[in-house]
Amino acid sequence: MSTFQAPKGTYDLTPPRSATFLAVREAIAAPLRDSGYGYIETPGFENVELFARGVGESTDIVTKEMYTLTTKGGDQLALRPEGTASVLRAALEANLHKAGNLPVKLWYSGSYYRYERPQAGRYRHFSQVGAEAIGTEDPVLDAELIILADQAYRSLGLRQFRILLNSLGDKECRPVYREALQTFLRDLDLDEETRRRIEINPLRVLDDKRADVQKQLTDAPKLRDYLCDACKAYHEEVRALLTAAGVVYEDDEKLVRGLDYYTRTTFEFVHDGLGSQSAVGGGGRYDGLSEMIGGPELPSVGWALGVDRTVLALEAEGIELDLPYATSVYAVPLGEEARRVLFGVVTGLRRAGIAADFAFGGRGLKGAMKSANRSGARYALVAGERDLAEGVVQLKDMESGEQSAVPLTEIAAELAKRLG
Ligand code: AMP
């Protein structure tokens, strides 16, 4: 292993690709900000308890994928494997739900950690932008979140994604279904691990990817047939709202998702250009989670979209985001005196809000102009001894190649005018 290699299952974001990641985060956040979601940031780690209780003791995330550690002080911590439990914990701690303004709408962006087997699109460190709407049971809220995620993906130009939608029932009807499913599953020919799963998390068995398992599941009881009237009506309303908004979705009865806390509405965004790791985002309603972590009853709904996979989806669709160059002006000094003077000009431009960069290291004209080109700057400023003696700098339009002498005292105003 080379000394410079990032840990297994991780990678670094470096320019220029890193600019796409920033733009994706921004594109996902923008519709949320415009819709009343406030920004929240929580620690990168939490007490292990929170995830064990919140995400679920029986989930792969908690049993296999969590990075846990014991601090020198003896605290049991885990790097966060997902965002919802932390955000809800933080909202409860800050009493946001008591401010009298429900739902509490929050968005977040950050790093998450899961000890998974790395492959394309699946990493041990990844990045999500998420949204949570806490404390209100209203199908309009479920629809709002799905519509905003759809809007975010579309704003990036993505088209080859699909929305899968399901209802998992609530604390009235889900247990009845769970038992019916368990009774059915216990009679099947399954391996030990899957048999254990029947007892702790039977809905997850429906998610099994193996063909021989799927074949046995054809006649499994369907959650749809067990939904109570309230859940049915709720789900119909969400569907109608999405349809009215022109958002296309597919009903997917098999969609159960890997976390224990979901109730009623669940959804996933899948992209058809990504191979096996096709889920680019997902979420749903989690009416019981607050009580599971020791809080009051706070019906809530949220989602998390994966930034890494969204970038892969862009690449799969051949979409190049229209990212403006960071630098507008590039200064090229020729000689010691010019270095001081031009650096002063650059500092002045920056303070005036014009993005400017500088050829450092006293390089020659040719190399420095190459850097100016690479920076994407619209204008270059070149000055040597003679220019300074005349009190001017050469202003070069990098697109047309035109060059003219501009008095030092007027350069900021001239550039401001040209750059609009
Ligand atoms: P989940 O909480 O598992 O539904 O994850 C939500 C989204 O986060 C997924 O749809 C992925 O886009 C992303 N994600 C989850 N796990 C990983 C991972 N190991 N590597 C990359 N992205 C991930």
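What you see is a predicted model, and the numbers here were worked out from it, not measured in a lab.

A. Spotlight on the side chain of Q277. Locating Q277 in the fold gives a position in the loop between β9 (263–271) and β10 (279–285). On the basis of relative accessible area, Q277 is assigned to the buried category, the value being 12%. Polar side-chain contacts of Q277 include one of 3.3 Å to the side chain of R309.

B. Structural context of the sheet that holds strand β11 (residues 300–306). Read across the sheet, eight strands follow the order β1-β5-β6-β11-β10-β9-β7-β8 without closing on themselves; strand pairing throughout is mixed. Sheet topology places β1 (38–39) and β8 (250–251) at the edges, where each strand pairs with a single neighbour. In this structure, strand β6 (residues 125–134) lies alongside β11, joined through seven bridges in antiparallel fashion. When the sheet's bridge partners are listed, V129 is paired in β11 with L305.

C. Representation of the domain arrangement of the protein chain. Once the domains are mapped, the protein chain shows domain 1 (17–173 + 227–316) and domain 2 (329–419). Taking only C-alpha atoms, the centre of domain 1 and the centre of domain 2 are 48 Å apart.

D. Summary view of the pattern of salt bridges. In total, this model carries 34 salt bridges according to the counting rule given. When the shortest N-O distance is used, the salt bridge between R122 and E116 registers 3.9 Å. Given a relative accessible area of 15%, E116 falls into the buried group. Counted as one network, the salt bridges with shared partners bring together D60, K64, E193, R197, R204, D207 and K209.

E. Local environment of the nonpolar core. With 46 residues, the main nonpolar core has F51, L88, L106, I134, L181, L185 and L206 as its most contacted residues. Taken together, the elements giving at least two residues each to this core come down to α2 (48–54), α3 (60–63), α4 (84–93), β5 (104–113), β6 and α6 (173–186). For I134, the contacting residues outside a window of four places in its chain are V87, L88, A91, L102, P103, V104, L106, Y286, L298, P299 and S300. Of all hydrophobic cores here, the second largest spans 40 residues; its members include V129, F161, L305 and L314.

F. Structural context of empty space enclosed by the protein. Summed over all chains, the structure comprises one cavity of 30 Å³ or more. What the largest cavity holds in volume is close to 50 Å³. Lining the largest cavity are Y39, I40, E41, T42, R80, V87, Y108, S109 and Y112. In terms of residue count, β5 provides more of the lining of the largest cavity than any other element does, three residues in total. Across the lining of the largest cavity, the residue classes break down as five nonpolar, two polar and two charged.

G. Representation of the packing of α6 against helix α7 (residues 192–200) in the model. Interaxial distance between α6 and α7 falls to 9 Å at its minimum, and their mutual angle equals 160 degrees. Between α6 and α7, the interaxial angle falls into the category roughly antiparallel. As for how α6 packs across α7, the hand of that crossing is left-handed. Two secondary-structure elements touch here, α6 through R178, Q182, L185 and R186 and α7 through R195, I198, E199 and I200. Of the residues in the contact of α6 with α7, the class split is three nonpolar, one polar and four charged.

Parameters at a glance
- Residues numbered from 1 in each chain as written.
- Predicted model: local features only at pLDDT ≥ 70, side-chain atom pairs only at ≥ 80, totals over all residues.
- Heavy atoms only, no water.
- Helix = DSSP H or I, 4+ residues; strand = E, 2+ residues; numbered from the N terminus.
- Buried < 20%, exposed > 50% of the residue type's maximum accessible area, 1.4 Å probe, protein only.
- Polar contact = N/O pair within 3.5 Å; in protein donor to acceptor, adjacent residues only side chain to side chain.
- Pairing = 2+ DSSP bridges.
- Domains from an automatic or database assignment.
- Salt bridge = Lys/Arg side-chain N within 4 Å of Asp/Glu carboxyl O.
- Core = buried A, V, L, I, M, F, W, Y, C linked by side-chain atoms within 4.5 Å.
- Contact = heavy atoms within 4.5 Å.
- 1 Å grid on protein atoms, 1.4 Å probe; cavity = no way out; pocket = protein on both sides within 12 Å on 5 of 7 lines; lining within 4 Å.
- Points joined across faces, edges and corners; volume = space filled by probe spheres on them.
- Nonpolar A, V, L, I, M, F, W, Y, C, P; charged D, E, K, R; others polar.
- Axes fitted to C-alpha atoms, helices over the stretch in contact; angles between N-to-C directions.
- Parallel < 35°, antiparallel > 145°, perpendicular 65-115°, else oblique.
- Left-handed = near helix turned anticlockwise from the far one by under 90°.

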